[in-house]
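# Observations on the three-dimensional arrangement
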Amino acid sequence: STAQSAFSHRANNPYGRIAVGYEISFPVLTWRLEASHVSSVATGRDRGINAVSLSARWYPFRSWR
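The text that follows walks through the structure, step by step, so that each part is easy to find. (Residues numbered from 1 in each chain as written. Predicted model: local features only at pLDDT ≥ 70, side-chain atom pairs only at ≥ 80, totals over all residues. Heavy atoms only, no water.)

### A look at a nonpolar patch on the surface
Note the following rule: What makes a patch is a set of residues exposed beyond 30% relative accessible area and free of salt bridges, joined within 9 Å when like-charged and within 5 Å when nonpolar (Val, Leu, Ile, Met, Phe, Trp, Tyr). Here the accessible surface of atoms and residues is derived via Shrake-Rupley with a 1.4 Å probe, and residues count as covered only by protein chains that are part of the display. For salt bridges, the criterion is a side-chain nitrogen of Lys or Arg within 4 Å of an Asp or Glu carboxyl oxygen. In this description a helix means any DSSP run of H or I spanning at least four residues, a strand means any run of E spanning at least two, and both kinds are numbered starting from the N terminus.
Taken together, the side chains of Tyr22, Ile24, Phe26, Trp31, Leu33, Val52 and Leu54 make up a nonpolar region of the molecular surface, amounting to roughly 760 Å² of accessible area. Looking at the nonpolar patch, the elements that each hand over two or more residues are β1 (15-25), β2 (29-40) and β3 (49-58). By the secondary structure assignment, Tyr22 is in strand β1.

The following block contains the structure:
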């Protein structure tokens, strides 16, 4: 008897992501608003995940000048 095994480095169900965002930068703070959609590429039955995010990034060691 013989045994065989094979390995594949290919994703069986790859996902894709699309995002649209807007960012406002100040000297010490950055605000960002983003809308995104993540969905399966391999199947048409996947409804995906929708998301909206609002974030702020603070730079404490930058000056206001």
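### Concerning the side chain of Ser39
Just so we agree on the cut-off: Three labels apply to residues, based on accessible area from a 1.4 Å probe with only protein chains included: buried if under 20% of the type maximum, exposed if over 50%, partly exposed otherwise in between. Residue contacts are counted whenever heavy atoms from the two residues lie within 4.5 Å of one another.
Looking at the secondary structure, you find Ser39 in strand β2. According to the relative accessible area criterion, Ser39 is buried, its value standing at 17%. In this view, Ser39 contacts Pro14, Tyr15, Gly16, Asp46 and Gly48; residues no more than four positions away in its chain are not counted.

### Some remarks on the pattern of salt bridges
When charged atoms on two side chains of opposite charge get close, those side chains can pair. On inspection of all chains with the given rule, the structure shows three salt bridges. Note that Glu23 and Arg32 form a salt bridge whose closest N and O atoms lie 3.7 Å from each other. Residue classification places Glu23 among the partly exposed positions, given a relative accessible area of 44%. We note a salt bridge from Glu34 to Arg32, for which the minimum N-O separation is 3.0 Å. On the accessibility criterion, Glu34 (16% relative accessible area) is buried. Using a relative accessible area of 29% as the deciding quantity, one classes Arg32 as partly exposed.

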